[in-house]
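Each chain, letter by letter, is given below.
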Amino acid sequence: MEMVDLSCIGTKFTWYRPNGKAKSRLDRFLTTFDWLQHWPGSKQYVLDRQISDHCALVLKSNVVDWGPKPFRFLDIWQEEKEFEIFVKSKWENYLVQGNEILVLKEKLKMLKSDLKGWNKDVFGHTDKIKLDIVKKIQELDMRDDEDGLDENMIMVRRDLLSQLQVINTRNESLLQQKSIALWIKQGDSNSTFFHASIKWRRMRNEIKGVLFQNSGSWVEEPDTVKEMVKEFYKNKMTVVDDIGVRLDNVEFKELSDYDNRFLTEPFDGKEIK
């Protein structure tokens, strides 16, 4: 039925038998992908159960800005003739001083920024370009219906159709990679499916919020969530002075002076052979 079961926040079940011997998730919101186009941040919240044997549900749309998005390399870039030339030219012109690791890190950082701009210039206006091409093709078709086209106009229309095919292939390849629908071959014209897959994958993978254990409260504010995650891993990774391990009265085997000399003396080619 092409319905979407939205991400659920709260208890796992929404119905409990009074005697406590059965429980289930009977209640839920189901939406369409058209709904998610208008309200992409939709989530369903399960409230605490009170007198009723059902939990109340609340549907809310909350679009949260978590900051800059991670950089991703797009396969479609490699099909552009100018891509390799652009990367080589930029990489050779970056002037960075320091050790090899620092130079590599800083060059990658600068290349990432330049690639974002290049991607916007080359692929960022494909929808507008596509509309312009389609409009020109329609105008030529209308002229062909009335008076016919000469050889030059026929060549122009053929070139426009070729450009349209290239743009469609680009868009489908881009949508396929974002949706990670590996079972569909590249080139299948199914952009509606790809758009839906992208929406569903982002909804499934996004961090909805964090349950604050000390107070039991649900937190969704980005700065607060980031601070809680930072503190969690800080506590996990902090070195403690006393690790609670004692080796008192433990006798370890020791190497003799002869064994130690044998293991540390230089070796020669005869020994290796």
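Residues numbered from 1 in each chain as written. Predicted model: local features only at pLDDT ≥ 70, side-chain atom pairs only at ≥ 80, totals over all residues. Heavy atoms only, no water.

What follows deals with the overall build of the chain. Looking only at helices and strands, one finds nine helices and nine strands in the chain. Taking 273 residues into account, the globule formula puts the C-alpha radius of gyration at 19 Å, and the chain, at 31 Å, lies well above it. By its C-alpha atoms, the chain is 105 × 80 × 35 Å across when sized along the principal axes. The buried share among the 273 residues of the chain stands at 22%. Relative to all contacts within the chain whose residues are 6 or more apart in sequence, the contacts with residues 24 or more apart total 51%. Roughly 21,900 Å² of accessible area belongs to the chain as shown, and the carbon and sulfur atoms make up 54% of that amount. Between the mean site of the 44 positive side-chain charges and the mean site of the 46 negative ones, the chain shows a separation of 4 Å. (Helix = DSSP H or I, 4+ residues; strand = E, 2+ residues; numbered from the N terminus. Rg over C-alpha atoms; globule rule 2.2 N^0.38 Å. Buried < 20%, exposed > 50% of the residue type's maximum accessible area, 1.4 Å probe, protein only. Contact = heavy atoms within 4.5 Å. Areas by Shrake-Rupley, 256 points an atom, 1.4 Å probe, with all protein chains shown as cover. Lys, Arg positive; Asp, Glu negative; His and termini not counted. Charge placed at Lys NZ, Arg CZ, Asp CG, Glu CD.)

On the surface, Val-240, Ile-243, Val-245, Leu-247, Val-250 and Phe-252 cluster together into a nonpolar patch covering about 620 Å² of accessible area. Structurally, the position occupied by Val-240 is in the loop between α7 (222-237) and α8 (257-264). (Patch = residues over 30% accessible without salt bridge, like charges linked within 9 Å, V, L, I, M, F, W, Y side chains within 5 Å. Salt bridge = Lys/Arg side-chain N within 4 Å of Asp/Glu carboxyl O.)

Below, the discussion takes up the packing of aromatic side chains. Evaluation of the coordinates by the stated rule reveals nine aromatic pairs. With centroids separated by 6.0 Å and ring planes inclined at 35 degrees, the aromatic side chains of Trp-77 and Phe-83 adopt a geometry described as tilted. Residue Trp-77 is classed as buried on the basis of its relative accessible area of 2%. The buried category is assigned to Phe-83, whose relative accessible area is 11%. With a centroid separation of 5.5 Å and an interplanar angle of 50 degrees, the aromatic rings of Phe-83 and Trp-118 are classed as tilted. On the criterion of sequence distance, the pair formed by Phe-83 in helix α2 (residues 81-93) and Trp-118 in helix α3 (residues 100-123) is long-range, its members being 35 residues apart. Relative accessible area serves as the criterion here: at 9%, Trp-118 is assigned to the buried category. Linked through ring pairs, Phe-73, Trp-77, Phe-83, Phe-86 and Trp-118 together constitute an aromatic cluster. Between the NZ or CZ atom of Lys-60 and the centre of the ring of Tyr-45, over which it lies, the distance is 4.5 Å. (Phe/Tyr/Trp six-rings, centres within 6.5 Å; stacked < 30°, edge-to-face > 60°. Lys NZ or Arg CZ within 6 Å of the ring centre and 35° of its normal.)

Spatially, β2-β6-β7 is the arrangement adopted by the three strands of the open sheet, whose pairing is mixed. Of all the strands in the sheet, just β2 (8-9) and β7 (57-61) have a single pairing partner and so form its edges. Relative to β7, strand β6 (residues 42-46) runs antiparallel, the two sharing five bridges. By the bridge assignment for β7, Gln-44 is matched with Leu-59. (Pairing = 2+ DSSP bridges.)

Mapping Thr-31 onto the fold places it in strand β5 (residues 30-31). For Thr-31, a relative accessible area of 5% gives the class buried.

Once that is clear, we can look at α2. Among all positions of α2, only Phe-83, Phe-86 and Val-87 are buried. Axial view of α2: buried residues confined to an arc of 95 degrees, hence all on one face. Of the exposed residues in α2, the ones pointing more than 90 degrees away from its buried face are Lys-81, Glu-84, Ile-85, Glu-92 and Asn-93. Buried residues along α2 sit against α3. (Arc of directions from axis to C-beta.)

Among the nonpolar cores identified, the biggest contains 11 residues, and these are Leu-74, Ile-76, Trp-77, Phe-83, Phe-86, Val-87, Tyr-94, Leu-111, Leu-115, Trp-118 and Phe-123. Elements supplying a minimum of two residues to this core: α2 and α3. Sorting elements by how many residues they give to this core places α3 first, with four residues. Beyond its immediate stretch of four places on either side in the chain, Val-87 contacts Leu-111 and Leu-115. Counting residues in each nonpolar core, the second largest holds seven residues, with Ile-133, Ile-137, Leu-160 and Leu-164 among its members. (Core = buried A, V, L, I, M, F, W, Y, C linked by side-chain atoms within 4.5 Å.)

Once that is clear, we can look at the environment of Glu-206. With respect to the helices and strands, Glu-206 occurs in the loop between α6 (191-205) and β8 (210-212). Judged by relative accessible area, Glu-206 falls into the partly exposed class, the value being 31%. Distance in space between the C-alpha atoms of Glu-206 and Leu-104 is 31 Å, their sequence separation being 102 residues.

Averaged over all residues, the pLDDT of the chain equals 82, while 92% of them reach at least 70. No element of the chain has a lower mean pLDDT than α6, which averages 70, and none a higher one than α8, which averages 92. Contacts from residues 181-187, a stretch scored under 50 in pLDDT, to residues over four places away or in other chains number 13 contacts. (pLDDT = per-residue confidence, 0-100.)

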